[in-house]
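Fold and contact review
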Amino acid sequence: MSYQQAVWAWNQHLRAGGVTPWREWLRTRPEGGGTDDPHVPAAWVPPGAAQLEFVRLAALLGAHDPRFVRLADLATGRSGPGRGLAQQPLWWPPDVPGRRFGAPPVDPSQVPAEELVRVGVGALVELLLAVPEPPPRVRRRSRTARWRSGYVVEGAPVTRSALRRSLAEQGYAEGGRRPRVLLAVEPFDDLLAQVWSARVQRGAAVRWHGFVRRWAGRAALPPAADLPALARSWADRVGVDRVHVLVGADSSFDPAAAVRPAGRREEGVAGPEPEVRDLSPAAVDVLRRVNAVLSVRVAPERQRSVLPGLVDDLARVAPPGPGLTVPPPFQDWARSRAERIADELRSGDYPVHGSLEGILPRVAGLRTHPSRQDALAVVLAACLRQVR
């Protein structure tokens with residue numbers, strides 16, 4: 001059996017949901033020609049090791065679905081987007097005549113996770129763009145709120161969204177002429193990671209390391225992370241006593257207690273803006289890779305229409321888990337910046353719930369970059385969910 005015939009036969013095995021590794025497949029196939037050798041279409045080009053291994057790994061998770069063949073064909077029909085290794089042929093026994101030219105062959109099981117993620121992102125983008133674009137949503141106009149004092153939540157984007165959702169579900173009013181302000185404070189490294197996640201969920205393609213490096217080199221902070229500036233701005237408008245600083249998961253303070261005088265929401269008043277989801281670092285990494293492809297493939301409007309559904313899928317297939325901390329070159333900067341923030345909030349005389357020491361970065365025991373293996377698991381699950 002020739003190299004092309006063997007790869008063709010393995011490809012058909014994988015398309016049908018097979019999961020046999022390449023070397024094991026070769027051991028079970030005849031080495032020479034024979035009447036049972038597969039017929040290879042004349043124009044067929046063997047996929048690379050990364051494409052075929054991605055399909056095999058996907059089959060381990062979802063081959064029972066009859067629509068799996070669509071994902072298999074998408075993955076093997078194109079190379080991964082972005083820069084990476086050249087398409088590599090599959091390992092071939094040295095004592096068997098076959099391929100002896102081109103890029104160095106590789107055992108598919110040894111393909112780096114980064115290459116498998118690239119293949120998966122390419123397939124995921126194709127699946128996303130195959131869904132018809134929904135009609136533009138007509139935004140309903142809402143009456144202006146009539147209460148004198150509602151609430152506003154500022155600070156860490158993911159925590160902020162969860163707090164707003166919780167208060168809205170309890171029926172408390174958001175907005176108002178003189179709202180009570182809840183400033184969500186998290187450890188500084190988690191705060192930065194939440195801002196990074198929020199920006200990626202809105203379409204950014206920046207890597208975590210690049211995001212931290214950029215802000216470490218500036219005097220300013222991202223607006224959502226500049227907690228002293230947020231507190232001062234609101235104190236000037238509503239008074240210091242109405243700006244509540246909530247540090248982490250402080251269980252001694254009920255946020256509803258601060259906003260309870262606002263009363264109940266009224267029918268017709270707009271609810272919270274689209275929320276920032278609590279995504280795992282690997283899910284954010286997959287999303288920023290997809291953003292990089294979408295930004296050159298489609299118009300910004302189309303990208304914005306695709307992202308909410310993908311974010312929703314990623315939130316379902318990848319539980320949040322442990323967060324990120326800043327890479328080692330920036331840890332001294334993160335600690336000194338967090339200490340400055342704590343000092344400024346302490347000197348502002350705001351009602352503080354919890355200890356401001358909680359803003360110091362956690363560092364110990366946390367990853368400084370998203371795991372590529374975790375990203376591979378996320379993109380496999382996301383592709384299978386899209387196919388279904």
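Residues numbered from 1 in each chain as written. Predicted model: local features only at pLDDT ≥ 70, side-chain atom pairs only at ≥ 80, totals over all residues. Heavy atoms only, no water.

Here we look at the overall build of the chain
Scanning the chain for helices and strands turns up 14 helices and four strands. Within the chain, buried positions represent 50% of all 388 residues. Across the chain, contacts joining residues at least 24 apart in sequence account for 82% of those joining residues at least 6 apart. If you sum the accessible surface of the chain, you get close to 19000 Å²; carbon and sulfur atoms cover 51% of it. (Helix = DSSP H or I, 4+ residues; strand = E, 2+ residues; numbered from the N terminus. Buried < 20%, exposed > 50% of the residue type's maximum accessible area, 1.4 Å probe, protein only. Contact = heavy atoms within 4.5 Å. Areas by Shrake-Rupley, 256 points an atom, 1.4 Å probe, with all protein chains shown as cover.)

A look at the sheet that holds strand E4 (residues 352-353)
Here four strands make up an open sheet; going across it, the order is E1-E2-E3-E4 and the pairing parallel. The open sheet terminates on both sides in strands that have one partner only, identified here as strand E1 (151-155) and E4. Where strand E2 (residues 180-185) and strand E3 (residues 243-247) come together, five bridges link them in parallel fashion. By the bridge assignment for E3, Leu182 is matched with His244. Its contacts with the sheet put helix H6 (residues 157-169) on E1, E2 and E3, and the angle it makes with E1 is roughly 160°. Against the sheet, helix H9 (residues 227-238) contacts E1, E2 and E3, and its axis sits at roughly 175° relative to E2. (Pairing = 2+ DSSP bridges. Axes fitted to C-alpha atoms, helices over the stretch in contact; angles between N-to-C directions.)

Thoughts on the environment of Glu154
The residue Glu154 is located in strand E1 in this model. On a C-alpha basis, the gap between Glu154 and Val181 in space is 7.3 Å, while along the polypeptide they are 27 residues apart. Those residues in contact with Glu154 that sit more than four places away from it in its chain are Arg160, Val181, Leu182, Leu183, Ala184, Leu230 and Trp234.

A closer look at the packing of aromatic side chains
Inspection of the entire model under this criterion finds six aromatic pairs. Relative to Trp92, the ring of Tyr3 has its centre 5.5 Å away and its plane inclined at 80°; by these criteria the two rings are edge-to-face. Of this pair, Tyr3 sits in helix H1 (residues 3-15) while Trp92 sits in the loop between helix H4 (68-76) and helix H5 (113-130), placing them 89 residues apart in sequence. Judged by its relative accessible area of 6%, Tyr3 falls in the buried class. Ring pairing ties together the aromatic residues Trp196, Trp208 and Phe211, which thus form one cluster. Between the NZ or CZ atom of Arg237 and the centre of the ring of Trp234, over which it lies, the distance is 3.9 Å. (Phe/Tyr/Trp six-rings, centres within 6.5 Å; stacked < 30°, edge-to-face > 60°. Lys NZ or Arg CZ within 6 Å of the ring centre and 35° of its normal.)

Observations concerning the environment of Val45
Along the chain, Val45 falls in the loop between helix H2 (22-27) and helix H3 (49-62). Judged by its relative accessible area of 60%, Val45 falls in the exposed class. When the C-alpha positions of Val45 and Gln4 are compared, they lie 8.3 Å apart, and in sequence the two are 41 residues distant.

With respect to H1
Compared with an ideal rise of 1.5 Å per residue, which puts 13 residues at 18 Å, H1 spans 18 Å between its outermost C-alpha atoms and is within 8% of the ideal. For H1, the set of buried residues is Tyr3, Gln5, Ala6, Val7, Trp8, Ala9, Trp10, Asn11 and Leu14. Against the buried residues of H1 lie H2, H3 and H4. (Expected span 1.5 Å × (residues − 1).)

Description of the layout of surface pockets
Approximately 340 Å³ is the volume found for the second largest pocket. As for the second largest pocket, its lining consists of 23 residues, and the residues nearest its centre are Val158, Asp190, Gln194, Asp278 and Leu279. Secondary structure elements with two or more residues in the lining of the second largest pocket: H6, helix H7 (188-201) and helix H11 (281-297). A total of five residues in the lining of the second largest pocket trace back to one element, the largest contributor, which is H7. Classifying every residue of the lining of the second largest pocket by side-chain character gives 11 nonpolar, six polar and six charged. (1 Å grid on protein atoms, 1.4 Å probe; cavity = no way out; pocket = protein on both sides within 12 Å on 5 of 7 lines; lining within 4 Å. Points joined across faces, edges and corners; volume = space filled by probe spheres on them. Nonpolar A, V, L, I, M, F, W, Y, C, P; charged D, E, K, R; others polar.)

Notes on the pairing of E3
Each regular strand shows side chains that alternate between the opposite faces of the sheet. Among the five residues that make up E3, five are buried, leaving the element largely enclosed by the rest of the structure. Burial along E3 is two-sided: Val243, Val245 and Val247 facing one way and His244 and Leu246 facing the other are all buried. With two bridges joining them, E3 and E4 adopt parallel strand pairing. Within the sheet, the bridge partner assigned to Val245 lies in E4 and is Val352.

So, the confidence of the model for the chain
Per-residue confidence for the chain averages 86 on the pLDDT scale, and 85% of its residues sit at or above 70. Low pLDDT (under 50) marks residues 141-148, which in the prediction has 20 contacts with non-local residues, meaning those over four places away or in another chain. (pLDDT = per-residue confidence, 0-100.)

Notes on the pattern of salt bridges
Within the structure shown, the criterion is met by 20 salt bridges. Residue Asp107 pairs with Arg23 through a salt bridge whose shortest N-O separation is 2.9 Å. Highlighted residues: Asp107 in the loop between H4 and H5 and Arg23 in helix H2, separated in sequence by 84 residues. Classification of Asp107 by relative accessible area gives buried; the value is 14%. The salt bridge involving Asp312 is made with Arg316; its shortest N-O contact spans 2.1 Å. Here the residue Asp312 and the residue Arg316 both occupy positions in helix H12 (residues 300-317), the gap between them amounting to four residues, near one helical turn. Three or more residues joined by partner-sharing salt bridges are found here, namely Glu114, Asp285, Arg288, Arg289 and Arg372. (Salt bridge = Lys/Arg side-chain N within 4 Å of Asp/Glu carboxyl O.)

As for a nonpolar patch on the surface
A cluster of nonpolar side chains, namely Val19, Leu60 and Leu61, defines an oily patch on the protein surface of about 250 Å² accessible area. The residue Val19 is located in the loop between H1 and H2 in this model. (Patch = residues over 30% accessible without salt bridge, like charges linked within 9 Å, V, L, I, M, F, W, Y side chains within 5 Å.)

Re H12
Between its first and last C-alpha, H12 extends 26 Å over 18 residues, near the 26 Å set by a 1.5 Å rise per residue. The sharpest bend along H12 reaches about 30° and sits at Leu307, with the proline Pro308 one to four residues further on. For H12, the set of buried residues is Arg302, Gln303, Val306, Leu307, Leu310, Val311, Asp313, Leu314 and Ala315. Buried residues in H12 make contact with H5, H7, H11 and helix H14 (372-387). (Bend = angle between axes of the 7 residues up to and from the residue.)

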